[in-house]
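So the chains spell out like this:
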Amino acid sequence: MNCFFTLLVTALLVAAPAAANVLPVITNVVVRLEADEIIVSYDVEDPDNETMDIVLRIAGTELRVEPDAPGVSGDIGRSVAGGSGKAIHLPLSTLPENSPDAFVPRILAYDGKGYGGEMIEVDSTTGPDFLVCRYELTNEEFAAFVRTDGYEMMKYWIIDDGSLEIEETGWNYAGKFQWQAPRHWDPKADPPWSSDPYSNRATSPVLGVSWFEAYAYCKWAGYRLPSSSEYLEAAGLYEAAYPWGDERMPAESGPDYPFANVKFGYKGYEHSGFDSDGSEFAAPVGNYSPAGDSPLGIADPLGNVWEWCSDVVAIVNFGTFSCATRPIRGGSWATGMANLEDATKDLCPLYRTDTTGFRCYK
């Protein structure tokens with residue numbers, strides 16, 4: 001039997017189709033163990049605000065859905081599919097054996113709070129079509145990886161995309177440097193990200209993660225990191241200099257810059273404690289939406305946090321060690337406005353900077 005069930009639980013209760021990329025909402029996710037079954041229950045709400053209760057019963061590699069939903073098709077995975085359906089991403093070959101809590105981050109596709117696994121489909125002109133998360137990955141989402149011992153499970157750290165000769169490189173470094181959480185997190189604190197001076201809210205983007213940590217999270221959650229070309233296409237940067245157009249600062253924006261979380265110092269505006277964009281450090285994801293969105297509706301494609309990409313750029317010797325550098329794209333809260341037009345760097349994948357996070361693709 002195929003280890004991935006293909007199922008899209010569509011909770012359409014009316015005949016009218018939803019608009020493209022308009023997603024009903026999954027709420028009230030509960031996961032529990034009963035005898036030999038894992039029971040997953042949740043509510044879905046369609047675009048007309050009608051709700052339906054869904055229950056998944058998982059026993060081994062068998063899955064039952066109650067009640068039977070119309071139009072069952074698509075992929076199981078952690079993210080919401082585009083259009084009018086609800087997708088639950090649940091790769092049955094890697095289900096955790098003993099912890100029902102471990103299911104929650106995989107199943108909570110979009111919780112209705114404006115962040116999470118909401119995905120937008122990109123009809124690519126440069127390669128295969130792909131899905132991209134609308135938002136950068138948040139502290140709350142990454143905490144699920146920490147809480148379910150993602151740092152302790154080697155299988156998520158194996159780099160099996162062919163980009164490294166030694167597939168265990170990330171796992172070896174995680175052990176060598178004793179990584180247990182992002183750079184500034186205190187795993188014993190509640191919440192653990194509260195100790196991060198640059199990003200300490202649940203809906204702020206996770207910072208201080210190496211490329212290897214971003215890769216491991218994506219593998220655990222059924223996602224992947226993007227290529228540079230996929231980032232550029234999702235951000236709308238093949239069509240214009242900026243996601244919002246060709247002007248760095250449209251004249252109507254005035255001193256209160258609504259497009260991206262960046263450092264000011266352009267057209268005579270002065271630096272201040274919170275700059276003129278309202279955020280001294282990382283802002284909650286989507287804080288500059290929709291003004292700064294890409295044409296596809298991707299939030300924060302420029303500014304807020306640099307985003308790791310998957311490409312190997314070059315093997316660079318840093319003196320005591322060498323590494324296959326990876327690109328980061330998009331700039332961050334510390335990037336000057338004048339540097340936004342070509343916001344790309346190559347970074348050693350071990351680096352855990354206060355300005356670097358990631359976004360998930362599929």
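Just above, that's the structure.
Please read all numbers here as calculations on a predicted model, not as lab measurements. (Residues numbered from 1 in each chain as written. Predicted model: local features only at pLDDT ≥ 70, side-chain atom pairs only at ≥ 80, totals over all residues. Heavy atoms only, no water.)

Enquirer: Looking at this structure, I do not really get the pattern of salt bridges. What am I missing?
Expert: Where side chains of opposite charge bring their charged atoms close, a pairing between them can arise. Tallying each qualifying case throughout the model produces six salt bridges. With its nearest N and O atoms 3.5 Å apart, the salt bridge here joins Asp293 to Arg134. One end of the pair, Asp293, is in the loop between α5 (228-234) and β7 (306-308); the other, Arg134, is in the loop between β6 (130-133) and α2 (139-147), with 159 residues separating them in the sequence. The closest approach of N and O atoms between Arg183 and Asp354, which form a salt bridge, is 3.1 Å. One end of the pair, Arg183, is in the loop between α3 (169-176) and α4 (211-221); the other, Asp354, is in the loop between β11 (344-347) and β12 (356-357), with 171 residues separating them in the sequence. Relative accessible area serves as the criterion here: at 18%, Asp354 is assigned to the buried category. (Salt bridge = Lys/Arg side-chain N within 4 Å of Asp/Glu carboxyl O. Helix = DSSP H or I, 4+ residues; strand = E, 2+ residues; numbered from the N terminus. Buried < 20%, exposed > 50% of the residue type's maximum accessible area, 1.4 Å probe, protein only.)

Enquirer: I keep staring at the environment of Trp333 and nothing clicks. Help me out?
Expert: Take Trp333: it is sitting in the loop between β10 (326-329) and β11. The class for Trp333 is buried, based on a relative accessible area of 8%. Spatially, the C-alpha atom of Trp333 lies 8.1 Å from that of Ala283, the residues being 50 residues apart in sequence. Of note is the side chain of Trp333, whose polar atom sits 3.2 Å from the backbone oxygen of Asp354. (Polar contact = N/O pair within 3.5 Å; in protein donor to acceptor, adjacent residues only side chain to side chain.)

Enquirer: Would you take a moment to explain the packing of aromatic side chains for this structure?
Expert: What describes a pair of aromatic rings is the distance from one ring centre to the other and the angle between the planes of the rings. Using the criterion set out here, one finds 24 aromatic pairs in the structure. Measuring from ring centre to ring centre gives 5.8 Å for Tyr173 and Phe177, while their planes differ by 5°; the resulting arrangement is stacked. A relative accessible area of 40% means that Phe177 is categorised as partly exposed. (Phe/Tyr/Trp six-rings, centres within 6.5 Å; stacked < 30°, edge-to-face > 60°.)

Enquirer: What is the right way to read α4 from this model?
Expert: Note on helix geometry: an α-helix contains 3.6 residues per turn, so any two residues three or four positions apart are oriented the same way. Counted residue by residue, α4 has ten buried out of eleven residues, so it is predominantly covered. Every buried residue belonging to α4 is among Trp211, Phe212, Glu213, Ala214, Tyr215, Ala216, Tyr217, Cys218, Trp220 and Ala221, and all of these are buried. Directly after α4, the chain includes Gly222, whose backbone phi takes a positive value near 85°.

Enquirer: What exactly am I supposed to notice about the sheet that holds β11 here?
Expert: The strands that make up a sheet pair up through hydrogen bonds in the backbone, lying either parallel or antiparallel. Strand order across the open sheet formed by four strands is β11-β10-β7-β12, with mixed pairing between neighbours. Because the sheet does not close on itself, it has two edges, and the strands there are β11 and β12. (Pairing = 2+ DSSP bridges.)

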